[in-house]
Structures are given as C-alpha cells and as structure tokens.
Amino acid sequence: MNKSTDSWEILHIPDKPPTPPDQQPTVNAFASVIEPKLANTLVRRLNQIAPLESLRHVKRVHKKYLEGGKTQLSVILCLACENDTQLDSMPHGVRELVNSYQLSPFITKVCKFDASSKEEWEEQCKLWPTSYHPPTYNIDGITGFSEEDSQFVFSFMRFAVELAKSDHGLVVNAAVIVDPSVKQVIASACDESCCWNTPTNKTSIRPCSLKQPEDCISHPDSNIVVTHDSLLPNDSPTKLEQLCTGVSCLYPWQWSEKQPHTPNSCYWHPLRHAALVAIESSAARDRQLFSGLGDIEDKSSELDHTQSSFTSSPAKRQKINLKNVEDDEKLDTLTEGHHSVVARPYLCTGYDIYLVWEPCTMCAMALVHQRIRRIFYAFPNLNAGALGSVHRLQGEKSLNHRFAVFRVLLPEEVLDLKL
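Residues numbered from 1 in each chain as written. Predicted model: local features only at pLDDT ≥ 70, side-chain atom pairs only at ≥ 80, totals over all residues. Heavy atoms only, no water.

Enquirer: Explanation requested: the packing of aromatic side chains in the structure shown.
Expert: In this description, an aromatic ring pair is defined by two values, namely the gap between the centres and the angle between the planes. For the structure on display, the rule yields nine aromatic pairs. With a centroid separation of 4.9 Å and 25° between ring planes, the pair formed by W8 and F154 is classed as stacked. Here W8 is found in the segment before β1 (9-13), whereas its partner F154 is found in helix α4 (residues 147-163), with 146 residues between them in sequence. Side by side, W8 and F154 carry an identical accessibility label, which is buried. Three or more aromatic residues joined by ring pairs make a cluster, and in this case those are F145, F152, F156, Y354, F376 and F406. Residue placement shows K183 over the ring face of F152; its charged tip is 5.1 Å from the ring centre. (Phe/Tyr/Trp six-rings, centres within 6.5 Å; stacked < 30°, edge-to-face > 60°. Helix = DSSP H or I, 4+ residues; strand = E, 2+ residues; numbered from the N terminus. Buried < 20%, exposed > 50% of the residue type's maximum accessible area, 1.4 Å probe, protein only. Lys NZ or Arg CZ within 6 Å of the ring centre and 35° of its normal.)

Enquirer: Even after reading the chapter, I still don't get unusual backbone geometry, so can you show me in this structure?
Expert: Excluding glycine, residues mostly have negative phi values, and the peptide bonds linking residues are mostly trans. The phi dihedral of Q102 is positive, around 50°, even though this residue is not glycine. Relative to the elements of secondary structure, Q102 occurs in the loop between α2 (92-100) and β5 (106-111). Using a relative accessible area of 70% as the deciding quantity, one classes Q102 as exposed.

Enquirer: Would you take a moment to explain the pattern of salt bridges for this structure?
Expert: One side chain can pair with another of opposite charge once the charged atoms of both are near each other. Following the criterion strictly, the structure yields eleven salt bridges and no others. Residue K397 is joined to D114 by a salt bridge in which the shortest nitrogen-to-oxygen separation is 3.4 Å. Taken together, the positions of K397 in the loop between β13 (374-379) and β14 (404-409) and D114 in the loop between β5 and α3 (118-127) put the pair 283 residues apart, joining distant regions of the chain. K397 sits in the exposed class, given a relative accessible area of 61%. The partly exposed category is assigned to D114, whose relative accessible area is 31%. In this structure, D286 and R285 form a salt bridge, with 3.8 Å as the shortest nitrogen-oxygen distance. The class for D286 is buried, based on a relative accessible area of 2%. Members of the salt-bridge network, linked through shared partners, are E192, R272 and E280. (Salt bridge = Lys/Arg side-chain N within 4 Å of Asp/Glu carboxyl O.)

Enquirer: I keep staring at the environment of I372 and nothing clicks. Help me out?
Expert: Turning to its location among the elements, I372 is positioned in the loop between α8 (361-369) and β13. C-alpha separation for the pair I372 and L347, spaced 25 residues apart in sequence, amounts to 8.5 Å. In this structure I372 touches C348, Y351, D352, I353, L367, H401 and F403, once residues within four positions along its chain are discounted. (Contact = heavy atoms within 4.5 Å.)

Enquirer: How do you make sense of the packing of helix α1 (residues 39-49) against α2 when you look at a structure like this?
Expert: Two numbers describe a pair of packed helices, the interaxial angle and the distance between the axes. At a minimum axis distance of 9 Å, the contact between α1 and α2 shows a crossing angle of 160°. By the criterion of interaxial angle, the relationship of α1 to α2 is roughly antiparallel. Taken as a pair, α1 and α2 cross one another with a handedness that is left-handed. Residues L42, R45, L46 and I49 of α1 lie in contact with α2, whose contacting residues are G93, V94 and L97. Here the contact of α1 with α2 is composed, by residue class, of five nonpolar, one polar and one charged. (Axes fitted to C-alpha atoms, helices over the stretch in contact; angles between N-to-C directions. Parallel < 35°, antiparallel > 145°, perpendicular 65-115°, else oblique. Left-handed = near helix turned anticlockwise from the far one by under 90°. Nonpolar A, V, L, I, M, F, W, Y, C, P; charged D, E, K, R; others polar.)

Given below as structure tokens:
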C-alpha cells in the first residue's frame with residue numbers, strides 16, 4: 001500500500017487472501033524418524049511411490065538438532081486424510097517401506113500453501129521445513145507508486161467513475177484502457193448488456209474511446225477516504241442497490257430475467273460488459289491505425305486470425321515498415337512522442353485497465369487473454385468478483401499470463417454521482 005496524498009489510497013490485491021503468518025492453512029501427513037544412513041534410499045523410493053505433487057514447497061526431510069550435538073532426521077511418508085490416523089490408509093508401497101525398515105509413523109502438520117513472504121516462511125518452518133521463493137515478477141506498483149504515478153492513477157480512475165454515469169438514472173460499470181508508457185487513453189467503454197439505443201456498428205471506434213481525461217487531472221482537496229462499498233454515500237442502501245442494478249459484473253445473470261426487447265425499449269446482450277466492449281474498441285482502434293502499415297514480423301499476432309492467437313507467444317510487439325505508411329495523419333498520431341519505429345501492440349500487452357467495479361470471472365479471463373499488465377478497480381464485487389472478493393484469478397498458476405491487481409480508494413467527493 002502506498003499513500004500518495006492524504007485523501008486516497010492505492011491497495012495492492014495479492015495473489016491469495018492475506019492470512020496471519022501463524023494461522024496458515026495446514027494439512028496432515030504421515031512422517032517417521034529414520035536412520036540418517038537410510039535417508040537417500042528412502043527419499044528416492046518415496047518420491048516414486050508417494051510424490052508430494054500438491055506440496056512441492058514442503059521439504060521431504062526434517063533435520064532436528066538434539067542435545068549433545070546429535071541430529072535426528074524425520075521424513076514425510078505420504079499425505080493423510082483429515083482426522084485419519086490409521087496406517088491402513090497409506091498406499092501399499094508406503095506400508096511395505098514402513099514394515100521393511102521398521103518405521104514408526106506419526107501424524108504431523110505441514111503448511112498447505114507456499115509462503116508469500118519471509119514472515120510466512122519462518123512460521124511454516126516451525127511446523128515442518130519448507131522452501132521459500134520470493135516473487136520474481138517486477139511490475140510497477142507492487143512495491144509502491146511514485147507521487148507522479150499515483151496522481152495519474154487517480155486521474156484515470158476518476159475518469160472511469162465519470163463514465164459510469166448513465167443517462168437513465170442507473171450507474172453502470174465503466175472501463176478505461178490506458179497505455180502507461182505515454183499515459184494516454186487507448187479505449188473507454190461502459191456496460192452495454194442493457195442499451196437504450198439502437199445497436200451501432202460494433203467494429204467502429206466509439207467516440208468516447210479516444211477521450212483523454214483532461215477534466216480529471218485536477219485533484220480534490222478532500223481528506224475523506226471512502227473505505228466502504230458505497231458509490232453514493234448520502235443515499236440509502238435500497239436506493240443505492242436500485243441505482244447499481246445496471247452494473248453487468250455485479251449482476252451477470254440479470255439479462256436472463258428480462259423479456260426480449262421491443263421497439264423503443266432497451267435490448268439485452270449478456271456478453272457486453274464494460275471490459276469486453278473496451279477490448280473490442282481497442283482492437284478496432286488498432287485495425288484503423290495500423291491497417292496499411294505493411295508486413296508484421298509475427299503473423300500470429302494478427303487479431304483476426306484463428307483463436308489459437310490467444311495462446312500463442314505473448315509479450316512482444318511487432319515492428320512496422322514505415323515505408324508503406326500512406327496516411328501522414330495516422331503516422332503523426334502514432335509517432336508523436338515515440339521512437340522512429342512504430343510498433344503495433346500485441347493485443348493489450350503492457351496496458352492498464354481502470355474499472356469502477358471489480359470484474360467478474362468472464363471479464364477477468366478476457367483481460368488475461370488480452371495480456372493486460374495491471375488492473376485497477378474502485379469497488380469490490382461481492383457477488384461475482386474474480387480479483388479478490390470471490391475468486392483470485394491473478395493467483396491461478398495454470399494461466400499463461402498474470403497481471404497485478406490494485407484497488408483505488410476514492411475521496412468522497414469523487415463518488416458524488418447524483419444524477
């Protein structure tokens with residue numbers, strides 16, 4: 001956490017829920033004291049017949065120093081079910097080792113998850129030795145924000161909050177995709193799962209997509225920090241709930257309860273959440289700006305190719321042959337403030353996204369596929385939040401891309417969205 005002013009805060013949402021170091025989840029395991037000369041033989045055999053696949057951070061052998069300079073070795077034989085002390089539940093091969101070497105199994109507790117901090121690791125080793133590997137990713141903001149970066153984070157979040165206002169008395173979710181290297185908005189959008197206007201051409205760039213938050217750069221002097229979940233602090237909970245029913249990520253199944261649209265009424269589309277609409281707008285922007293820029297080195301990066309492009313090698317930008325650029329206006333726009341070689345973005349690699357509400361699982365997975373670098377949201381989504389409230393997708397190790405997640409606590413006057 002880093003306070004850049006007295007009136008607001010930026011909180012890093014870690015990969016897993018924070019727990020006191022001395023209250024970490026544990027599991028039971030069968031262990032036994034062994035003769036030191038048997039350690040290598042037993043460990044090799046146990047790794048074959050009872051590997052600790054789900055506990056790779058747990059060391060198999062525990063070395064304990066006794067009085068008189070003697071050492072005692074204990075080894076984990078296998079995992080045990082909760083409240084299970086029966087040797088018959090051991091795998092057959094483990095029971096054979098116990099009988100062959102006349103071991104005396106006992107139940108011990110080991111930590112279920114690997115340590116995320118040195119303090120957690122020290123507590124884990126009091127139960128049973130584990131390994132500790134500090135996080136290797138280096139994303140700006142994990143260890144704090146500079147004063148300048150904090151001000152820009154706040155300005156873009158305020159821009160997103162202003163976009164969340166609806167013309168029909170509702171509050172919707174809003175998404176703003178930003179290129180942090182130049183601090184410019186790439187695309188912006190609001191929920192369109194309920195739209196009161198006739199659907200437009202979805203491949204065109206929405207007029208609001210390229211707005212810059214000039215009006216949001218000034219910062220309020222308020223010292224009030226809103227730490228609760230209210231968007232309209234002075235309104236009753238009932239009225240607040242009614243105003244927020246238009247937030248797609250809060251109520252992802254609301255569309256199924258609505259009747260098919262009729263003329264002069266709203267239409268419903270379950271997939272048009274703010275984050276997805278912003279992603280679509282960003283892709284449309286790329287197609288327009290880079291439509292005539294020649295060959296791209298890695299054809300797998302083309303957005304209109306097969307679905308396998310989502311799982312192809314990420315995190316690199318392709319150089320563009322400027323000799324084929326015919327639109328001087330486009331070139332001026334692209335090269336302003338940049339190096340002479342323009343690069344077409346690979347999806348949204350390196351970009352940030354600002355959301356008023358924490359995204360649902362569908363939107364969060366879309367942001368994984370788009371290679372978003374950082375996600376900022378203002379309010380938790382207790383119904384279906386995927387980044388801290390219900391799930392923590394940012395900690396899912398099976399995914400091929402990981403992003404950093406932050407919550408921005410906003411001053412009360414920024415939240416005054418009375419319509």
